[in-house]
Amino acid sequence: MIEQVILTHSILIKVFLGFMAAGLFIPFVTAKNPKGFKKASFIYTMVFQAIASMIAFTGLVALAMGTFGLSLSVIIMIVIWGLLMYIEIKKYKLIKVANLENPQTHTLLRSAFLKISAVQIMLVIMMVVLKVMEVKGVISLS
Ligand code: HEM
């Protein structure tokens, strides 16, 4: 049972990575379409937060069911999760209130979208690498 919860947690993380990678196309396909950019950002942030919530939920269920306790690796996960959500909400708020009809603002926010997504992807990959290294015994995060 616990194995299934952790497996779901880890599959969701891969889905999350795939979703964020696909999201990198948004600023390009909406380069000449400010309204489309705003709309796509809205859908993106909704899906992002839904997947992130499922990751936190499965993680918390695994914590409640398992005997890991609050290990350093779980604390890092929670911190990264908080950071991901914080950055995402800030980013969407910025896009939501911006006047994207101004071409300079549109360009600036498209580039911010790309950079922020790159940082988010890196944070998730970092966590996955940490876990892989832990499992292989290269580092200990207990
Ligand atoms: C509130 C947020 C989260 C909680 C409570 C949580 C909790 C857990 C727990 C209890 C485990 C299993 C125990 C262990 O291997 O140490 C686990 C595994 C894992 N978590 Fe999380 N997690 C959270 C968020 C995240 C996030 C945001 C990421 C990625 C950035 C992540 C990546 C992983 C990975 C890669 C594993 C190993 C999966 C495997 O063994 O196949 N977790 N998490």
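Data block above holds the structure.
About the cut-offs
- Each chain has its residues counted from 1, following the order in which its sequence is written.
- Thresholds applied to this predicted model are a pLDDT of at least 70 for local features of residues and 80 or more for the giving and counting of side-chain atom pairs; totals over whole chains, interfaces and linings are not thresholded and use all residues.
- Any nonpolar core is a set of buried residues, restricted to Ala, Val, Leu, Ile, Met, Phe, Trp, Tyr and Cys, that join up through C-beta atoms within 7 Å.
- Around each residue's C-beta, the other C-beta atoms within 10 Å are counted; 20 or more make the residue buried, 12 or fewer make it exposed, and counts in between make it partly exposed. All C-beta atoms are placed from the backbone.
- The secondary structure listing takes helices from DSSP runs of H or I that are at least 4 residues long and strands from runs of E that are at least 2 residues long, numbered from the N terminus.
- By definition, residues are in contact whenever their C-beta atoms, placed on the basis of the backbone, come within 7 Å of each other.
- Orientation is described by lines fitted to C-alpha atoms, with helices fitted over the stretch in contact, and by angles between N-to-C directions that extend from 0 to 180 degrees.
- Any angle that is under 35 degrees is reported as roughly parallel, and any over 145 degrees as roughly antiparallel; angles of 65 to 115 degrees are reported as roughly perpendicular and all others as oblique.
- Amino acids are sorted into nonpolar (Ala, Val, Leu, Ile, Met, Phe, Trp, Tyr, Cys and Pro), charged (Asp, Glu, Lys and Arg) and polar (every other residue, Gly among them).
- For a helix, the expected span equals 1.5 Å multiplied by the residue count minus one.

(A) Fine view of the nonpolar core. One finds Phe37, Tyr92, Ile95, Leu100, Leu109 and Phe113 forming the largest nonpolar core, which totals 6 residues. If you list the elements that add at least two residues to this core, you get helix 4 (72-97) and helix 5 (103-135). Residues in contact with Phe37, not counting those within four places in the same chain, are Thr30, Leu100, His106 and Arg110.

(B) View of the packing of helix 4 against helix 5. Following both chains from N to C, one finds helix 4 and helix 5 inclined at 170 degrees, their axes separated by 11 Å at the closest point. It follows that helix 4 is roughly antiparallel to helix 5 by the angle criterion. Of helix 5, the residues touching helix 4 (which contributes Ser73, Ile76, Met77, Ile80, Leu83, Leu84, Ile87, Lys91, Leu94 and Ile95) are Leu109, Ala112, Phe113, Ile116, Val119, Gln120, Leu123, Met127, Leu130, Lys131 and Glu134. Among the residues forming the contact of helix 4 with helix 5, the class breakdown is 16 nonpolar, 2 polar and 3 charged.

(C) Just helix 4, in detail. Between its terminal C-alpha atoms helix 4 stretches 38 Å, which fits the 38 Å expected from 26 residues at 1.5 Å a residue. For helix 4, the set of buried residues is Met77, Leu84, Lys91, Tyr92 and Ile95. Residues of helix 4 that are buried sit in contact with helix 3 (34-65) and helix 5.

By themselves, these observations are geometric and do not establish any function.
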